[in-house]
Amino acid sequence: MSVDQLARDGITGPFALADKSLVEPCAELALEIDVLIRQNNRVRKLAGKPYEYGGKINRHDEFPAMQNLFADANLQAVVAEHFGTGLFLYNSVFQVKRDGVGENIWHHDRMFENGAAPVDLYDNSNHFSILFGLTDLGWDQGRLEFVRGSHQPIEGWARKQRFNKTLPESLNDRISALTLKQGEFAVFHSSIMHRSLPFESGDVRISLAVRLARNGTVVPEMFPTDSVSGDGSYTFARLKQSGVLSFN
Ligand SMILES: O=C(O)CCC(=O)C(=O)O
Ligand SMILES: [Fe+2]
């Protein structure tokens with residue numbers, strides 16, 4: 001049962017959308033945004049400016065195609081069954097992977113707790129993620145991997161960072177792959193450690209990740225994000241206040 005799988009592994013799926021016709025408009029949107037991002041960055045490079053990732057993040061308040069996807073009957077039923085109701089959506093990210101696109105390193109999606117309160121990773125009553133396959137997300141197309149059971153403390157693993165280039169070897173036997181077909185989705189506790197590998201081969205691969213929180217949770221304007229090197233330094237990222245949408 002998927003409820004047992006969620007309790008044990010912290011992630012469950014794949015599930016199928018009820019209305020597959022909701023997928024293509026989102027895939028098209030992701031590809032058009034990807035064109036803009038790549039063109040923008042070619043121009044920025046000519047100006048000697050650093051790469052900008054922003055355009056693929058938090059566009060859900062602008063596009064009915066995304067909002068229609070979130071209203072899918074099967075998605076709504078799965079989220080209500082596993083996480084309950086009274087949830088809002090505050091964050092979304094498209095990932096387009098094609099030749100030359102590298103990994104998204106190990107991380108969890110729990111960027112904040114409630115306002116300025118410190119993140120409470122193992123309180124599983126809040127903060128949930130959905131990952132959609134807008135195309136097939138196959139084995140060679142930048143495969144997703146997750147650490148089974150990392151919504152709960154794991155002995156011998158002190159988690160200090162949200163982003164990690166590598167994980168302790170003792171976790172190797174907990175790592176599972178997640179592949180999705182176009183129109184499928186998986187749901188997970190946002191504290192699950194996961195990554196996607198570099199694109200190797202196949203057709204362009206498009207995912208959409210979204211994050212939910214329970215009504216009443218305060219979405220901070222800025223949230224701390226750790227540096228990858230593990231030197232303990234923090235920078236701050238901004239959340240888009242207009243991107244808070246009621247989910248169920
Ligand atoms: O589809 C992917 O590459 C992973 C997306 C993800 O984990 C994220 O955006 O937080
Ligand atoms: Fe993620």
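Residues numbered from 1 in each chain as written. Chains lettered and ligands numbered in written order. Predicted model: local features only at pLDDT ≥ 70, side-chain atom pairs only at ≥ 80, totals over all residues.

A. Structural view of the overall build of the chain. When its secondary structure is counted, the chain shows 4 helices and 13 strands. Its C-alpha radius of gyration of 17 Å places the chain within 12% of the 18 Å reference for a compact globule of 248 residues. A total of 248 residues make up the chain; the buried ones form 34% of that total. Across the chain, the fraction of contacts at a sequence separation of at least 24, relative to all contacts at a separation of at least 6, is 84%. (Helix = DSSP H or I, 4+ residues; strand = E, 2+ residues; numbered from the N terminus. Rg over C-alpha atoms; globule rule 2.2 N^0.38 Å. Buried ≥ 20, exposed ≤ 12 C-beta atoms within 10 Å, placed from the backbone. Contact = placed C-beta atoms within 7 Å.)

B. Structural view of the site of ligand 1. Near ligand 1 you find Val 93, Gln 95, Asn 104, Asp 109, Gly 142, Leu 144, His 194, Ser 196, Ser 207 and Ala 209, and these make up its full shell. Split into classes, the residues belonging to the shell around ligand 1 amount to 3 nonpolar, 6 polar and 1 charged. (Near = placed C-beta within 6 Å. Nonpolar A, V, L, I, M, F, W, Y, C, P; charged D, E, K, R; others polar.)

C. Focus on the sheet that holds strand S4 (residues 128–133). Strand order in this open sheet of 6 strands is S1-S8-S4-S10-S2-S13, and the pairing throughout is antiparallel. With one partner strand each, in any of the chains shown, strand S1 (11–16) and strand S13 (245–246) form the two edges of the open sheet. As paired strands, strand S2 (residues 87–97) and S13 are joined by 2 bridges and run antiparallel to one another. Within S13, the residue paired with Phe 88 across the bridge is Ser 246. Across the sheet, helix H2 (residues 23–46) is in contact with S2 and strand S10 (205–214); its angle to S2 comes to roughly 65°. (Pairing = 2+ DSSP bridges. Axes fitted to C-alpha atoms, helices over the stretch in contact; angles between N-to-C directions.)

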